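Report on the structure
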Amino acid sequence: MTLWDLSYLDNSEFDWLSGGVPVLNIRDDRELRAPPRTVAGGHGRKVGYRFHLVTAMPGSAAVDSRWMFDAIASDDANGRARLVPTIQGINSLIALEAYSRLDAFFDSMPASTASRHLLLAVARSSFPVRIKLSRWQPFVLRVRDAFEARGLDAAALLKGLLG
Amino acid sequence: MKFPEVERVIYANNPLVEVVCQCMFPRILAIDEGIPATFQQKLGASYPFVETREVVSFSMNVPNELTPAKRIQYLFSTEDRRFTIALGSEFIAISTADYKQWSEFVQHVEAAFTALADSYAVPIFTRIGLRYIDVVSREKLGLGDYLWKDLFRRSALGLFGEDEIKGEALLESTSLTALSLDDVGKAQIRTTFSRPSEGSDLTFTIDSDFFEEHPVKGTDDAIGILSSFNKEAGRAFRWFISDQLHDALGPVVPRQ
């Protein structure tokens, strides 16, 4: 049975989990959630549902992400101190194959204000999996433009990453 | 339906294992597409821990939504890890597994709402919910010699309230009741008898979900509804339990 084969769904299988959201246990390691649509949380097929599937696969794991917010708020004065947690954080998401989280991070990094050391570290530490990251190249191009605007030698700093 | 008014108390032997407030809103694409840095900044230093997790979202019978999509959820926790604020593109939730009293819990709800309003345009809440999960174990309360019907309203026990069903014969039972509340919203109360593991003591769970599904504008109105749910939840629990259980839980009248 494939992940998206829902033909076996049965209302009686719904259970409850945090947040007032009914959960359907379809596997030992997977859950389906849908917002209740009727007063009794009924789940007739004629009603539309949006499910949120939480799996036990590594990519769904909750991981420490404080480093993302610290990196976004960084500047050249404090960037070096945040290098290690940032690189460790990126490596942990790569290990989990949590690429959508990395893409969201790339899009949120303010290239014009964030620490140049961190911007370089982010670009270089994620370089090996760039093919999996749809927002990696736009991020590097933004960094290039921001470095040039800061009067930095973007070509030299980003050597091997561009082109 | 309105549960009878009772004196508000805090239980020394608190049976609450989890309290969750969840408010849903129309999808905010910016939360799916970028890190909620402004939200985290607005929350301030009170929530130093941040975790992310991914869920796969897909739809059934929803027009124009065919492709499964990955969504990111953000979990902001207090330093002591007692409170967590979860943010997704369609909801915000505040939860704790160590509930003391409403005045403390609602401070975290207000902090979450303020940060949300300062960071995103949330036109309405489409669903407001407050959920209390109580788990009662007779053995943990030193009430092992009592019958369940001595501790709870008999009608809440289903077949387990029958004298003929005793001891090891009790395996599992669940019932779900939905009620319309007089003032605002509805309540969905699920009661469950279960054994956490084979051979372990039977526990009785009262899972009360108070919710409003009409659109609510403004965080003040939302807080007002949640406060009325809180009162109703306290009255509902007291209505469920007997005086013996009430006394065994160690009721204390909170300071004003």
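No experiment lies behind these values; they were computed from the predicted model shown. (Residues numbered from 1 in each chain as written. Chains lettered and ligands numbered in written order. Predicted model: local features only at pLDDT ≥ 70, side-chain atom pairs only at ≥ 80, totals over all residues.)

Considering the overall build of chain B
- On a plain count of helices and strands, chain B comes out with six helices and eleven strands.
- The C-alpha radius of gyration computed for chain B amounts to 20 Å, which stays within 12% of the reference 18 Å derived for 256 residues, consistent with globular compactness.
- Per-residue burial over chain B gives 37% buried out of 256 residues.
- The contacts in chain B between residues at least 6 apart in sequence include a share of 68% that link residues at least 24 apart. (Helix = DSSP H or I, 4+ residues; strand = E, 2+ residues; numbered from the N terminus. Rg over C-alpha atoms; globule rule 2.2 N^0.38 Å. Buried ≥ 20, exposed ≤ 12 C-beta atoms within 10 Å, placed from the backbone. Contact = placed C-beta atoms within 7 Å.)

Focus: the overall build of chain A
- Within chain A, the regular secondary structure consists of six helices and five strands.
- Written out in order from the N terminus, the α and β elements of chain A read β-β-β-β-β-α-α-α-α-α-α.
- Across the 163 residues in chain A, those meeting the buried criterion constitute 37%.
- Restricting to contacts in chain A with at least 6 residues of sequence separation, those with at least 24 account for 50%.

Overview of helix 3 (residues 102-119) of chain B
Residues and elements named next belong to chain B.
- Across its 18 residues, helix 3 extends 25 Å between first and last C-alpha, which sits within 8% of the 26 Å expected from 1.5 Å per residue.
- Buried within helix 3 are the following residues: Trp102, Phe105, His108, Val109, Ala111, Ala112, Phe113, Ala115, Leu116 and Ser119.
- Buried residues along helix 3 sit against strand 2 (16-24), helix 2 (37-43), strand 5 (83-87), strand 6 (91-96) and helix 5 (219-240). (Expected span 1.5 Å × (residues − 1).)

Observations regarding the packing of helix 4 (residues 116-126) of chain A against helix 5 (residues 136-149) of chain A
Residue and element names in this part refer to chain A.
- Viewed as axis vectors pointing N to C, helix 4 and helix 5 meet at an angle of 150 degrees, and their least axial separation amounts to 11 Å. Comparing their axes, helix 5 and helix 4 come out roughly antiparallel. Pair helix 4 / helix 5 crosses with left-handed handedness. Listed contacts from helix 5 to Arg116, Leu119, Ala123 and Ser126 of helix 4 are Trp136, Phe139, Val140, Val143 and Phe147.
- Among the residues making up the contact of helix 4 with helix 5, the classes are represented as seven nonpolar, one polar and one charged. (Axes fitted to C-alpha atoms, helices over the stretch in contact; angles between N-to-C directions. Parallel < 35°, antiparallel > 145°, perpendicular 65-115°, else oblique. Left-handed = near helix turned anticlockwise from the far one by under 90°. Nonpolar A, V, L, I, M, F, W, Y, C, P; charged D, E, K, R; others polar.)

With respect to the domain arrangement of chain B
Residues and elements named next belong to chain B.
- The assigned domain composition of chain B is domain 1 (11-23 + 130-256) and domain 2 (27-122).
- Each side of the interface is counted separately: domain 1 has 15 residues, and domain 2 has 16 residues.
- The set of elements that each furnish at least two residues to the side of domain 1 that touches domain 2 consists of strand 2 and helix 5.
- Per-element tally for the side of domain 1 that touches domain 2: the top contributor is strand 2, with eight residues.
- Residues belonging to the side of domain 1 that touches domain 2 are distributed by class as follows: ten nonpolar, four polar and one charged. (Domains from an automatic or database assignment.)

So, the pairing of strand 9 (residues 186-194) of chain B
All names here are of chain B.
- Here eight bridges tie strand 8 (residues 173-180) to strand 9, and the two strands are oriented antiparallel to one another. Residue pairing across strands places Leu176 opposite Arg190, the latter belonging to strand 9.
- Between strand 8 and the antiparallel strand that follows it, strand 9, lie five residues; Gly185 among them carries a positive phi value of about 80 degrees.
- Looking at chain direction, strand 9 and strand 10 (residues 203-212) are connected through nine bridges and run antiparallel. Counted as the bridge partner of Arg190 is Asp207 from strand 10. (Pairing = 2+ DSSP bridges.)

Some points on unusual backbone geometry
- Phi is positive for Glu97 of chain A, which is not a glycine, with a value near 60 degrees.
- Along the chain, Glu97 of chain A falls in the loop between helix 2 (83-95) and helix 3 (99-108).
- Given 14 C-beta atoms within 10 Å, Glu97 of chain A falls into the partly exposed group.
- One non-glycine residue, Arg81 of chain B, adopts positive backbone phi at about 65 degrees.
- Its place among the elements puts Arg81 of chain B in the loop between strand 4 (69-77) and strand 5.
- Among the residues examined, Arg81 of chain B registers 11 C-beta atoms within 10 Å and is labelled exposed.

Quick notes on the environment of Val143 of chain A
Residue and element names in this part refer to chain A.
- Along the polypeptide, Val143 turns up in helix 5.
- A sequence separation of twelve residues divides Val143 from Ala155, and the C-alpha atoms of the two residues are 11 Å apart.
- For Val143, the residues in contact, after removing those within four places along its chain, are Ala111, Leu119, Ala123 and Leu158.

Comments concerning the nonpolar core
- Met109 of chain A together with Cys23, Ile85, Ala112 and Phe152 of chain B are the most contacted members of the largest nonpolar core, which totals 90 residues.
- With near-sequence residues (within four places) excluded, Met109 of chain A lies in contact with Ala71, Ile72, Ala114, Leu119, Val122 and Phe139 of chain A. (Core = buried A, V, L, I, M, F, W, Y, C linked by C-beta atoms within 7 Å.)

A look at the packing of helix 3 of chain B against helix 5 of chain B
Residues and elements named next belong to chain B.
- Here helix 3 crosses helix 5 at 155 degrees, and the two axes come no closer than 11 Å. With respect to their mutual orientation, helix 3 and helix 5 come out roughly antiparallel. Every pair of crossing elements has a handedness; the one defined by helix 3 and helix 5 is right-handed. Together, Trp102, Val106, Val109, Glu110, Phe113 and Ala117 of helix 3 and Thr219, Ala222, Ile223, Leu226 and Asn230 of helix 5 make up the contact between the two elements.
- A per-class count over the contact of helix 3 with helix 5 returns eight nonpolar, two polar and one charged.

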